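Structure at a glance
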Number of protein chains: 2
Amino acid sequence: MTLPTEQYSCIHRVCVCVQSCHATKPGMLNVHLVPHTHDDVGWLKTVDQYYYGDRNDIQHAGVQYILDSVVDQLLKNQDRRFIYVEMAFFYRWWKSQSSSVQQTVKQLVNEGRLEFVNGGWCMSDEAATHYSAVIDQMTIGLRFLNETFGAFGRPRVTWHIDPFGHAREHASMFAQMGFDGFFFGRLDYQDRARRMRNKEQELLWRASDSLTPPMADLFTGILPNGYNPPEGFCWDQLCSDPPIRDDPDLEDYNVDDVVGCFLVIANSQSTVYKTNHIIMTMGSDFQYENANLWYKNLDKLIHYVNARQANGNKVNVLYSTPSCYLQELHRANLTWPLKTDDFFPYADDAHDFWTGYFTSRPALKRYERISNSNLYLVVQLPGKGPFGEGESQTMKKAMAVAQHHDAVSGTEKQHVANDYARKLANGWQHCRVLQASQYIVLPNRIQTFLHRFLRIYCENLNVSVCPLTESSKKFSVNVYNPLARPVTWPVRLPVNGTAYSVSDASGKAVDCQVSMCASSFAVNELVFQVQAPPLGYTTYTVALIQDGPPPAPAQQRAPPVIQNKFLQVTFDPETGLISIELPNDVLLKRPRYNASAGNNVESRQPSGAYIFRPNSSTPFIISRTAKTEIIKTSVVQEVRQWFAPWVSQVVRLYADSRALELEWTVGPVPIDDSLGKEVITRLDTSIKTSEYFYTDSNGREVLQRKKDFWPTWNLKQSEPIAGNYYPINSRAYIKDDVDQLTVVTDRSQGGGSIQNGSLEIMLHHRLLHYDFRGVGEPLNEISGIFPDGLVVRGRLLLTLDPLPTAADMHRPLAEGMVLQPLLTFTAGDLKPNTQLEFSGLLAALPPAVHLLTLSQWDEDSVLLRLEHQYQSSESKVSSQAVTKLFSTLEVLGVAELNLSANQWKDEMKRFDWTPEKGTGHQCCVS
Amino acid sequence: MTLPTEQYSCIHRVCVCVQSCHATKPGMLNVHLVPHTHDDVGWLKTVDQYYYGDRNDIQHAGVQYILDSVVDQLLKNQDRRFIYVEMAFFYRWWKSQSSSVQQTVKQLVNEGRLEFVNGGWCMSDEAATHYSAVIDQMTIGLRFLNETFGAFGRPRVTWHIDPFGHAREHASMFAQMGFDGFFFGRLDYQDRARRMRNKEQELLWRASDSLTPPMADLFTGILPNGYNPPEGFCWDQLCSDPPIRDDPDLEDYNVDDVVGCFLVIANSQSTVYKTNHIIMTMGSDFQYENANLWYKNLDKLIHYVNARQANGNKVNVLYSTPSCYLQELHRANLTWPLKTDDFFPYADDAHDFWTGYFTSRPALKRYERISNSNLYLVVQLPGKGPFGEGESQTMKKAMAVAQHHDAVSGTEKQHVANDYARKLANGWQHCRVLQASQYIVLPNRIQTFLHRFLRIYCENLNVSVCPLTESSKKFSVNVYNPLARPVTWPVRLPVNGTAYSVSDASGKAVDCQVSMCASSFAVNELVFQVQAPPLGYTTYTVALIQDGPPPAPAQQRAPPVIQNKFLQVTFDPETGLISIELPNDVLLKRPRYNASAGNNVESRQPSGAYIFRPNSSTPFIISRTAKTEIIKTSVVQEVRQWFAPWVSQVVRLYADSRALELEWTVGPVPIDDSLGKEVITRLDTSIKTSEYFYTDSNGREVLQRKKDFWPTWNLKQSEPIAGNYYPINSRAYIKDDVDQLTVVTDRSQGGGSIQNGSLEIMLHHRLLHYDFRGVGEPLNEISGIFPDGLVVRGRLLLTLDPLPTAADMHRPLAEGMVLQPLLTFTAGDLKPNTQLEFSGLLAALPPAVHLLTLSQWDEDSVLLRLEHQYQSSESKVSSQAVTKLFSTLEVLGVAELNLSANQWKDEMKRFDWTPEKGTGHQCCVS
């Protein structure tokens, strides 16, 4: 392994820290100027347009030049400092540099003049990302830094200056990655005001109620001015603040004005922070393309302000970095307020809740999620197969880019969203060779047993398109299950025949059914359940029995009931509303909110890609009646419902499933009435929620929410709907002492519980106004194949359980939803002696243990991440500690790393921080 | 003297030239890429705002950063080249650099990687400047370069890429300054089209009909694209053209597109030039603030285009400079078309004649001209006097800045115009100590004879304000005459008494008169004629005889005639029109043109600071009647006429004068009718002009003009008035075989002869629309003391002479108008033994010899420029050759320099060029 030993780095790190941080003055107010650039990994331009400085007509920004310029300018004065964040850009730049430039940059890094913060591939979104993808994107960035710069390149600080709200799970991950501190810029305006008053802008975040402190404790600092410089002190080429004019021979000598103004700002800022150190972020979006402007004026500022010390002035200004600033805070040896909830939702004014992006671009959000699943699986395969040079790097980078806070968030321009999708598609393309090769990343001796034949992947299966299955009389289906436990999975294949036989790997016949396809793309659909072994595959063989006309509709008009051994679901034949046979009724409605056009009296804020602002707190019902069809087979029973030409759903109950599947299809959202629309689905139950509900944080731990309430301050609610929306990454639930209704989602969405007993999820929105947050376009998705507006389809899994066993249901359900099996196809007969089934494990891992990562690391080793996927005390059984190992792994040695795999676990030495007594709120899942 | 010897520089220069110019390829099309920035010495921002990058909200531009960045980038790749033009900026930058940066820059200059072109303090305007001020501004820039960089810093090429039309006198000066070539960007669109067709964009300009060729021959190149890069190839931060994206791993690889497009442009450009070398100006206004953007992409362009040579492509691209390009043209050893006229007026489209700026900001134009006179005088005084550290450098630089093509041209924003005036006022302030000291720059032994007493300068004498003369019962007037011949000058002093006695230096009484002040600021005006000796001063003593009420008006209502021994002028009592008693009548009218509001059918172009476009070819008469007063005294006879509340004039005839003075006052121009107005004065005569008329070029040689005619091509006239306007810097005349009417102006103005026998001059204009040439403001001058619009006053001297002696009249008349005596005052009695009169010359220089410069050069030497001020054959007597020397100069040695005093005359070796046979037009004064 190429990991540098921490001992080596530690020795040097300490030296470097001492040397690289400028001395501060104890009796003075020390102002840490932190030169930085915020380089979105795509937003108004694509990541590559940003890198090159292309399309400067859209936005002037060229990251290649930023890095060129900053390196040049750092060399001009060794006092200068700079921090850099996004490895997606730095990597592009680095690989095009000469070795002499690379050597120079290494020297700058070694001396602490160029410091990496965050160090992930991007600065991830916190509301719409899944934790596994965030860990991956952090890992590839941090590993790149390690490999390039050794221990000196390892960031000590995370830097989430722009994301629109902050997830507790992010803080937990960052703590486990070994970061000493976390800085961000955006938080609720009421929260900001209170924290300023109380000097609570720096705090200790206890980011998990399952991990033993301080494992998930993270020191958190809220930056004074977002991430911008103080007003009047922006000296970038993108700004127009007056430069320091210090030549008395020329006009408008302004040194005294500038210094005077700076001292006022610094002294004022010091009143809302605890120590005699304050930080100023000297930079902003894509700044420092011509770093000379900044540094030349900062040099002068430092010179002229500190010159006042000779006259007794007590302000000391210095070039600094977040880690140098953090070091001083740590040295202050104070106690800090403790926080245990999160920073959602984010509002920057009374009617400006950034909760629309939880759902924005639902198709992209789904494509990102399924890509995550695909990548999870692909990295289990080695880099080279017998069928070519397939590699997972392209997909890894595409996924890492997609985690950016204007990517999966859905807040980018349309052409940029298209580019993210294109990048993912390109990643899939590169992975396909791997998938076709079907190796598994396991010790070499075992690989040779695996079969080698070319398999076809049907990437349009989601819209029932697969030429192979549609045209073949005989074909085999290979089901690869990347999870460490067996899965059962419904397979739905487009076919043209009316009857098929399906047999499993042992030749045993499997129950299957052909029905008319619910979607409009294929003729018929062959449905059967497959069962795949843990970390392995199995093979099903399908043969046509009967060709000819489509089978007669098997639908039964009455009674409108579907049921299996676990559930009975009835439908109101008129309204289509569903009832589930349990103590509670689940009523499913599909109302919509109209988006605010921004012209009402309270505020001009319209709904947009970022902001959610319905023009009424009462949703409009799309239709009070539904057209319904019921199809019952031995494999699945389904009710197809059409509420409007643009809203339909299929309610499915598989024979052996405890969960009810709702497949929703929404779009094109009509806009003939010139009103944008936010479409929600709402589950009304008799569960006594007492205004509480629960949403997950990045797909991992679940947090308690309460309507019109923030645990840490006295909320004044000004948006009754939007202000109660939270991100749902994989699940949300409502419960009382007896029952719990959990909804597992197939992508990140926004939702809330506006009425007691009710849970609503926003599925899709189409908006006609721009919400004034920079993107400059309304979120009105139209494409070549959807000229009238995007049509989106998705799945919700509903499970209604007794409270004690609810987690035992939703944890595996969500694990299977997030990380799906991969289906590949071979036409005709398989070669003789083909191995039809294989498992990498002798036995499944226990339910509590999630195989988070299994990936080739280098020639000799694999990176393995095992995770306890239950929160403490959510399940009597599963929340317990467990141990288990792989069946086929010959373990020659194990070395434990931090979460981001860039530091040995036993060398991870983080700053210790003391919480204030009596602070913190145990608000979460108890 | 610090001048480097040319022998030294020659040897090195040749070496450097050979080394510093990249090799070209004979069999290929060589494309010379010339990276450059065009840095206006004030325009939308003041010169210091531009230098610092202040007020970037108005325009993004910061020259300090441009020079920082270019130096850095030149060091990155020794193939790169850059040229720099404006010493006003370079000097500011240079003096703030560390010695190590200075050393680096010297190295770059020595190696030809940084080349200075032009090298004056600014890129002067060619239409509104006086040649003496242009020589001064070039001299201070070129001398700075000489002193800083030695011979390597001496520019070989002038570079007037932006001025709006080109004066022949400029070309003549540049030739005499030793320049090898002249490049510019703007010329008439019809002329451009013709020259492209005929490959005549490179030519030999014979810029004087008096100097023996090739003394005033200048090779002139017209740049292909103004001064901008070809379309699609602007890689500055101010542009949005796509960068070269050459990483195949990233999106949108575009190397093939860019190279293909470049080859099309290069090959197309080569069809309109003569040689296998073409030049491309890679830069524009204030570009290269972040030079990395340009150079990084240019490096790639050169690399990828030249890489095509391996496949047989015949285009060779190289970094180059104008002098390297010129060297290749010279090597081509071709003949070039000869041109003897000039490039006025400039039109960039059929209705877009840049002839308004000839008159724009008439008050600034006058202030610049009188400042020139003041500076001319002040440099004759040494740098330090007994009354303090007065110096002329501030004034020299202020005047040099004022020569810029958006300064005296009047085409800058209002706040910038204010700044130019402020800079001049500041220059005056610094000069005042000198003036008060009254030394003369002559060998030390003589200085001690000069008197030393504190004198007061009345800077508001032009509006009849001088507290000293208004309040003193006795005072003396010192008249310093900077010219090399005696002058007679009318003195008009504001006083409160009604009778005074005036005596000259010898105590002799001088005829004087008190009359009511014509202007509104003072009570009475004391008028007398003074006579001052050459290059020296005399003193008049004034004593009050009678205090009390103002004298009774001495005006005589009839007959409306004023006359002296030379002239008789009669007035039409009704219309105010003037007749001069000579074979011809001179009729003075004062019509106005309305400015075009830009909404007529032919073009939307309105009149503005640059463009003149009246909405009618027939001017409106302001008034057909005039209110008239006549005042006759023994000193002066004057007729005061009011045509409207905002237009008046005083016609004056002094007792001994051959010239008639017209003092005009125009303003505030009324705009109640929402129409801008261009106010002209028109002289209608019976002179048979046959459509010819004559205007001077920068105050020196006079060129023949013909209505609706250009000597060098078949003009298609589309603007009958504006298209016939030419700059008048000091004089214009019309003539026939017998008579010549000459008008000498006190500032630069625009004018023309629209009708036979008529000459019109635009005095003032006030405009309500912006003319779309960048300045972004209408030319609507309003200030604190002129809240209703600027009031401007000026003088025209009319002289009507027999043709053979006309030049003998107008040459000294204009010389005296341009370079006026300076009046200073002392209250009470002078100290005993004060020397009341002094002349630096034993005898006056002959009329033909103009003392162009007399200025302290260094401790031991003076810079002396003597000029033959008559054009060849314009005067039988005065056009002859002459010799003469100073009376008091002890000439220890004389060394002759080029015109800009940065090279020994005998070492001035310029390229020789061969004109095409049969080209050139002898169109000028014959």
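As a starting point, this report considers the structure included with it. (Residues numbered from 1 in each chain as written. Chains lettered and ligands numbered in written order. Predicted model: local features only at pLDDT ≥ 70, side-chain atom pairs only at ≥ 80, totals over all residues. Heavy atoms only, no water.)

Next up on the list: the state of the cysteines. Residue and element names in this part refer to chain B. According to the stated counting rule, one finds six disulfides over all chains in the structure shown. For Cys 21, the disulfide goes to Cys 324, at an S-S distance of 1.9 Å. Across the disulfide from Cys 21 to Cys 324, rotation about the S-S bond amounts to roughly -85 degrees, and the bridge is consequently left-handed. With Cys 21 in the loop between helix H1 (6-20) and strand S1 (29-35) and Cys 324 in helix H11 (residues 322-332), the pair connects residues that are 303 residues apart, well separated along the chain. (Disulfide = S-S within 2.5 Å. Helix = DSSP H or I, 4+ residues; strand = E, 2+ residues; numbered from the N terminus.)

In a beta sheet, neighbouring strands pair by backbone hydrogen bonds and run either parallel or antiparallel. Residues and elements named next belong to chain B. Here three strands make up an open sheet; going across it, the order is S16-S20-S19 and the pairing antiparallel. Where the open sheet ends on each side, the last strands, each with one partner, are strand S16 (487-495) and strand S19 (512-516). In this sheet, neighbouring strand axes are inclined to one another by 25 degrees on average, regardless of whether the strands run parallel or antiparallel. (Pairing = 2+ DSSP bridges. Axes fitted to C-alpha atoms, helices over the stretch in contact; angles between N-to-C directions.)

Here the focus is helix H4 (residues 87-95) of chain B. Counting buried positions along H4(B) gives seven out of nine residues, so the element sits mostly inside the fold. For H4(B), every residue scored as buried is listed here: B:Met87, B:Ala88, B:Phe89, B:Phe90, B:Arg92, B:Trp93 and B:Trp94. (Buried < 20%, exposed > 50% of the residue type's maximum accessible area, 1.4 Å probe, protein only.)

This part covers the relation of the copies chain B and chain A. Expressed as a screw operation, the relation of chain B to chain A combines 0.0 Å of axial shift with a rotation of 180 degrees, fitting to an RMSD of 0.0 Å. This pairing of chains is accounted for by a two-fold axis. For chain B, the smallest separation between a C-alpha atom and the rotation axis is recorded for B:Asn290, amounting to 2.8 Å. A share of 100% of interface residues in chain B that are also interface residues in chain A marks the association as one of identical surfaces. (Least-squares fit on C-alpha atoms with pLDDT ≥ 70 in both. Contact = heavy atoms within 4.5 Å.)

With that out of the way, let us pick up the sheet that holds strand S9 (residues 277-282) of chain A. Residue and element names in this part refer to chain A. Taken together, the three strands give an open sheet; going across it, the order is S9-S1-S10, and neighbouring strands pair in parallel fashion. The open sheet is flanked by S9 and strand S10 (315-319), the only strands paired with a single partner. Adjacent strand axes in the sheet meet at a mean angle of 25 degrees, parallel and antiparallel pairs treated alike. In the packing of helix H9 (residues 255-270) onto the sheet, contacts are made with strand S1 (29-35), S9 and S10, and the angle to S9 comes to roughly 125 degrees.

This brings us to the packing of aromatic side chains. Scanning the model with the defined rule gives 96 aromatic pairs over all chains in all. Ring plane angle 75 degrees and centroid distance 5.6 Å describe the contact between A:Phe233 and A:Trp235, whose orientation is recorded as edge-to-face. Looking at A:Trp235, the relative accessible area reads 3%, which means it is buried. With 5.8 Å between their ring centres and 80 degrees between their planes, B:Phe344 and B:Phe358 make a pair best called edge-to-face. One end of the pair, B:Phe344, is in the loop between strand S12 (338-339) and strand S13 (347-349); the other, B:Phe358, is in the loop between strand S14 (352-353) and helix H12 (362-378), with 14 residues separating them in the sequence. Classification of B:Phe358 by relative accessible area gives buried; the value is 0%. Taken together, the aromatic side chains of A:Tyr84, A:Phe90, A:Tyr91, A:Trp93, A:Trp94, A:Phe116, A:Trp121, A:Phe144 and A:Phe149 make up a single cluster linked through ring pairs. Above the face of the A:Tyr131 ring, A:Arg700 is positioned so that its terminal group lies 5.7 Å from the ring centre. The lysine or arginine in question, B:Lys339, covers the ring of B:Phe343, its NZ or CZ lying 4.0 Å from the ring centre. (Phe/Tyr/Trp six-rings, centres within 6.5 Å; stacked < 30°, edge-to-face > 60°. Lys NZ or Arg CZ within 6 Å of the ring centre and 35° of its normal.)

Right, let's talk about the pattern of salt bridges for a bit. All names here are of chain A. Here the structure, examined in full by the defined rule, presents 105 salt bridges over all chains. The partner of Arg 331 in a salt bridge is Glu 328, with the nearest N and O atoms 3.3 Å apart. Taken together, the positions of Arg 331 and Glu 328, both in helix H11 (residues 322-332) and three residues apart, correspond to about one turn of that helix. A residue is classified by how much of its surface remains accessible, and Arg 331, at 52% relative accessible area, is exposed. One salt-bridge network, held together by shared partners, links Arg 492, Glu 525, Glu 638, Arg 640, Arg 652, Glu 661, Glu 663 and Arg 795. (Salt bridge = Lys/Arg side-chain N within 4 Å of Asp/Glu carboxyl O.)

A few words on the interface of chain B and chain A. Counting residues at the interface gives 42 residues for chain B and 42 residues for chain A. Around 3,300 Å² of area is buried between chain B and chain A when both sides are counted, 41% of it from carbon and sulfur atoms. On the surface where chain B and chain A come into contact, there are 13 salt bridges. Residues B:Glu251 and A:Lys423 are paired through a salt bridge, measuring 2.8 Å at the closest nitrogen-oxygen approach. Here chain B and chain A share 32 residue pairs in polar contact (both at pLDDT 80 or more) between them. Among the secondary structure elements, those contributing two or more residues to the side of chain B that touches chain A are helix H2 (47-52), helix H3 (63-76), H4, helix H10 (291-307) and helix H14 (414-437) of chain B. Broken down by element, the residue count for the side of chain B that touches chain A peaks at six residues, all from H3(B). Its residues assigned to classes, the side of chain B that touches chain A comprises ten nonpolar, twelve polar and 20 charged. (Buried area = accessible area lost by both parts, 1.4 Å probe. Polar contact = N/O pair within 3.5 Å; in protein donor to acceptor, adjacent residues only side chain to side chain. Nonpolar A, V, L, I, M, F, W, Y, C, P; charged D, E, K, R; others polar.)

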